[in-house]
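What follows is the residue order along each chain.
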Amino acid sequence: MTNFRPLHDRVVVRRLEGEQKTAGGIIIPDTAKEKPMEGEIVSVGPGARNEQGQLVALDVKAGDRVLFGKWSGTEVKINGEELLIMKESDIMGVIG
């Protein structure tokens, strides 16, 4: 992903694949699977400006595994890869 840089407090996230089976071992078909709400940060913007005009850096960085809301972000295709662009505020937390 060399030719795209998010602006302000936006981040680019790659969804991580969800479980293929239930806890009981039943295989879930693709049509019944929910989109995962877990992803890896691919790229981050420089941050947002506060009321004093100072740049405030983001709390997440490339490589972080994060949880986000089910309907968060905008799906885009960059260099043939399906990614999400969302604001940092749509991220609920960092895993690990």
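Note that the coordinates shown come from a computational prediction; the quantities given were computed from them, not determined experimentally. (Residues numbered from 1 in each chain as written. Predicted model: local features only at pLDDT ≥ 70, side-chain atom pairs only at ≥ 80, totals over all residues. Heavy atoms only, no water.)

Visitor: Residue-level account of the environment of Leu67, with values.
Guide: Relative to the elements of secondary structure, Leu67 occurs in strand β5 (residues 65-68). Classification of Leu67 by relative accessible area gives partly exposed; the value is 39%. Spatially, the C-alpha atoms of Leu67 and Gly93 are 5.6 Å apart, while their sequence positions differ by 26 residues. (Helix = DSSP H or I, 4+ residues; strand = E, 2+ residues; numbered from the N terminus. Buried < 20%, exposed > 50% of the residue type's maximum accessible area, 1.4 Å probe, protein only.)

Visitor: Please give an account of unusual backbone geometry that cites residues and values.
Guide: In this structure, His8 takes a positive phi of about 55° despite not being glycine. With respect to the helices and strands, His8 occurs in the segment before β1 (10-15).

Visitor: Break down the pattern of salt bridges for me, citing the residues and quoting the values.
Guide: Applying the stated criterion across every chain yields a total of six salt bridges. Residue Asp9 pairs with Lys87 through a salt bridge whose shortest N-O separation is 3.4 Å. One end of the pair, Asp9, is in the segment before β1; the other, Lys87, is in strand β7 (residues 81-87), with 78 residues separating them in the sequence. Residue classification places Lys87 among the partly exposed positions, given a relative accessible area of 35%. One salt bridge connects Glu75 with Arg15, and the closest N-O pair in it is separated by 3.5 Å. Here Arg15 lies in strand β1 and Glu75 lies in strand β6 (residues 74-78), a separation of 60 residues in the sequence. Judged by relative accessible area, which is 46%, Glu75 ranks as partly exposed. Sharing partners across several salt bridges, the network here consists of Arg14, Glu40 and Glu81. (Salt bridge = Lys/Arg side-chain N within 4 Å of Asp/Glu carboxyl O.)

Visitor: Before we move on, could you go through the side chain of Asp9 and cite the residues and values that matter?
Guide: Looking at Asp9, the relative accessible area reads 16%, which means it is buried. Reaching out from Asp9, the side chain makes a polar contact with the side chain of Lys87 at a distance of 3.4 Å. Filtering out sequence-adjacent residues up to four positions away, Asp9 remains in contact with Gly47, Ala48, Leu58, Met86, Lys87 and Glu88. (Polar contact = N/O pair within 3.5 Å; in protein donor to acceptor, adjacent residues only side chain to side chain. Contact = heavy atoms within 4.5 Å.)

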